[in-house]
Amino acid sequence: MTAQDETTLKLRVGVDSGGTFTDVCMFDETHGEIHVWKVSSTPQDPSLGIAGGIEQGVSEVARATGQKVDVVYFGHGTTVATNALIVGRGAETGLITTRGFRDVLELRRQKRDSLYDIQTQKPRILVTRDKRLEVSERVRFDGSIHTPLDEEEVRAAARKLKAQGITTVAVCFLFSFIEPAHEKRVKEILAEEMPGAFVSISHEVAPEFREYERLSTTVVNAYLGPIMKSYLSKLQPRLAEIGIEAHPHLTQSNGGVISSEVAQNFPARTVLSGPAAGVIGALSVGGLAGFDNVITFDMGGTSTDVSLIDRGRPQMSNDAVVHGYPLKLPMLDIHTVGAGGGSIAHIDAGGLLKVGPRSAAADPGPVCYGRGNEEPTVTDANVVLQVLNPTHLLNGRMKIDQARAKAAIGRLADQLGLGVMETAQGIISVVIANMAKAIRVISVERGYDPRDYVMLGFGGAGPIHAARLARELEIPRLVIPKYPGIMCALGLLLTDLRTNLSLTRLLPLSAEGAPGMESGFAGLEERAQDWFAQEAIPEARRSLIRSVDMRYGGQGYELTVPCPAGPIDAAALVKLRAEFERIHKQVYGDIAAEEPVQVTTLRIEAVGLVPKADLKAYPSATEPVEKAITGHREVWLPETGGFTHCPIYDRERLGPGHKVTGPAIIDQMDSTTLVLPQQVATVDAHLNLIIEG
């Protein structure tokens, strides 16, 4: 072996474990190259697919380079917490709360999610009433103690839960976000009475006002805790078996990463783990392509996730409802719909064609996979239309049975009284409409015009549908990244360590309230510095971003406003009011200039900057674009009235400066891109496809 052959490649590995595929992205720190791999997910035990995908991907890199490989970083986006919440397979949970408040979890806000739907169903209550126990204690709104904690009642409650076989407990007291002493003492008692139990404490999970949302978040965290702990305890040994010693970091819903230990204690932070990584990846790719205003369109096998990046900053939400459960946690504003490649097409009771939200997932998968499913999916429709390769996927590693897909769609066509091709195209049209509605939620309904943004399409199924979706929304420009099918995995290599700290303080936005804001931010900054030290982040790589939740006096909901650095002086107060009114005008269409403004919550986002994958630029292509054509295929396109002879381009052979005129198919291992008639796809310096027309 030569000296170069003996050099060990240092790989940073990101893995996104989805419902259908597990995506692996590997960044070679030695040469600055990115390698990708994709395998089927293993829903029964996701760690199997993750370890197998890494092992195969790393082996492929070693084979291709002829060099040894060392994994120095492992980032992971997971759907474990999300799936457990969706299907209701979390841990049986107990609750200890302030006397008189055990039914808050069930009473909720006493309002119907869908006002005129008399058949609306509330989500399953995660703690049954017999396991919701009350104890005597009371903290006033100002933090003073009205009723001391009755420790004997706490011990009796702990023993009762233990006797019921409960091993995970949520604790949520009234106003504990101001004075947490009682919750801290309960945590100590539970450690004595129920050693080894998973305990979720509200002032640690969600230290903010609004008792129902805080309680819901604390309960969800407890419900998911043992599931996440079990999953990560399986993952570590599997990684060790294939020689990976790098400590796992998991994406959290705010787009940052956390250690596996933090993820085990606060699993509720990971409910948008995979989609959040995709947004961070899109932020980097969009910025390099020259676009600060981006709508992300991430279509995978099970669902579609969309979000909006405005002026280079992803939109955030400090509370959200995830699968029916309110979570009072900072997270990227991502809207999800059950529209993916595996979404099942069916006819509803009214005889109309519907797509999703049920999915064939990875197992058995679409009909064309030949694993026993007989219900047609979006992927089957694309195989029948021949937008997708009708014989194989993943560069030949996955065989496709088009005949099975045609037969399944044919049965649906017979019920509708349509032809097979019209039915297949109907499935695509329905799913496009579903996704357009989702994008309007995060744009039009938030005061943004989607026509002012570019769409960045990714996910395994995103580039197939992005062109039609962009046309539906009148979005003039579309970006397809170099590796669209593994964008979430790539995002794991482009994100920083991040935590969000908050403090509820009801203060006027005035000189009178400024000292309270100053002292509040000082306390948050002190906690942030402790976190930086705990994560061993050097001084030069630390960043703090401040914001304030504000509202007009008497309003029921707040808006989050960026807060300038420095003292809260008269100039800062003027800036805060002006920015609040700008955002209020955008969201609600009006301002109340004479009304007083109230501060409700102070926030700090602490960011620890870490080494990231470098998305390098490439020199202009020297070969003509025709050299990238690998063949032709008859593709059914309603835009041309039926089957159309389309050139097939190999994405690997396309370089900067190349232009592909539609209709055309651009094929690659992790995805397929459709370029429609009258569209032109141009390859930029970072190998993104910029599609216009």
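Residues numbered from 1 in each chain as written. Predicted model: local features only at pLDDT ≥ 70, side-chain atom pairs only at ≥ 80, totals over all residues. Heavy atoms only, no water.

Enquirer: Would you explain the environment of A191 in this entry?
Expert: By the element assignment, A191 lies in helix α6 (residues 181-193). A relative accessible area of 51% places A191 in the exposed class. Counting along the chain gives 118 residues from A191 to I309, while the straight-line C-alpha distance between them is 44 Å. (Helix = DSSP H or I, 4+ residues; strand = E, 2+ residues; numbered from the N terminus. Buried < 20%, exposed > 50% of the residue type's maximum accessible area, 1.4 Å probe, protein only.)

Enquirer: I'm lost on the sheet that holds strand β34 (residues 664-668) in this one. Help?
Expert: What links the strands of a sheet is backbone hydrogen bonding, and the strands pair in either a parallel or an antiparallel sense. Within the open sheet, the 4 strands sit side by side as β31-β32-β34-β35. Their pairing is mixed. Two strands in the sheet have a free side with no partner beyond their single neighbour: β31 (629-637) and β35 (671-675). Put simply, the sheet's adjacent strands are angled 30 degrees from each other on average, direction ignored. Pairing of β34 with β35, which is carried by 5 bridges, proceeds in the antiparallel orientation. Across the sheet, residue I665 finds its bridge partner in β35, namely L674. (Pairing = 2+ DSSP bridges. Axes fitted to C-alpha atoms, helices over the stretch in contact; angles between N-to-C directions.)

Enquirer: Whenever I open this one, helix α2 (residues 46-65) confuses me. Can you help?
Expert: Along an α-helix, residues three or four apart share an orientation, since each turn contains 3.6 residues. For α2, built from 20 residues, the straight-helix expectation of 28 Å at 1.5 Å per residue is met to within 8% by its first-to-last C-alpha distance of 29 Å. For α2, every residue scored as buried is listed here: P46, S47, G49, I50, A51, G53, I54, G57, V58 and V61. Those residues of α2 hidden inside the fold are in contact with β1 (8-17), β2 (21-28), β3 (33-40), β4 (68-78), α3 (80-87) and α8 (211-241). (Expected span 1.5 Å × (residues − 1). Contact = heavy atoms within 4.5 Å.)

Enquirer: Help me understand the pairing of strand β30 (residues 597-608) in this model?
Expert: Regular strands place side chains that alternate from one sheet face to the opposite one. Taking burial as the measure, the 12 residues of β30 include 11 buried ones, the bulk of the element. Of the strand pairs in this sheet, strand β27 (residues 497-508) and β30 are connected by 10 bridges, and their pairing is antiparallel. For T499, the partnering residue across the bridge sits in β30 and is A606. Pairing analysis gives 11 bridges linking strand β28 (residues 542-552) to β30, with the strands arranged antiparallel. Considered in β30, the bridge of D549 is made with T601.

Enquirer: How do you make sense of helix α12 (residues 402-416) when you look at a structure like this?
Expert: Under the 1.5 Å per step criterion, the end-to-end length of α12 is 21 Å for 15 residues, consistent within 8% with the ideal 21 Å. Along α12, the residues that are buried comprise Q402, A405, A408, I409, G410, L412 and A413. Of the surrounding secondary structure, the elements contacted by the buried residues of α12 are β21 (343-347), β22 (353-359), α11 (378-385) and α13 (420-442). Put simply, D401 is the residue that caps the front of α12, since its side-chain oxygen is 3.2 Å from the backbone nitrogen of A403. Just downstream of α12 lies G417, where phi reads positive at about 75 degrees. (Polar contact = N/O pair within 3.5 Å; in protein donor to acceptor, adjacent residues only side chain to side chain.)

The quantities given are spatial measurements derived from coordinates; they are silent on function.
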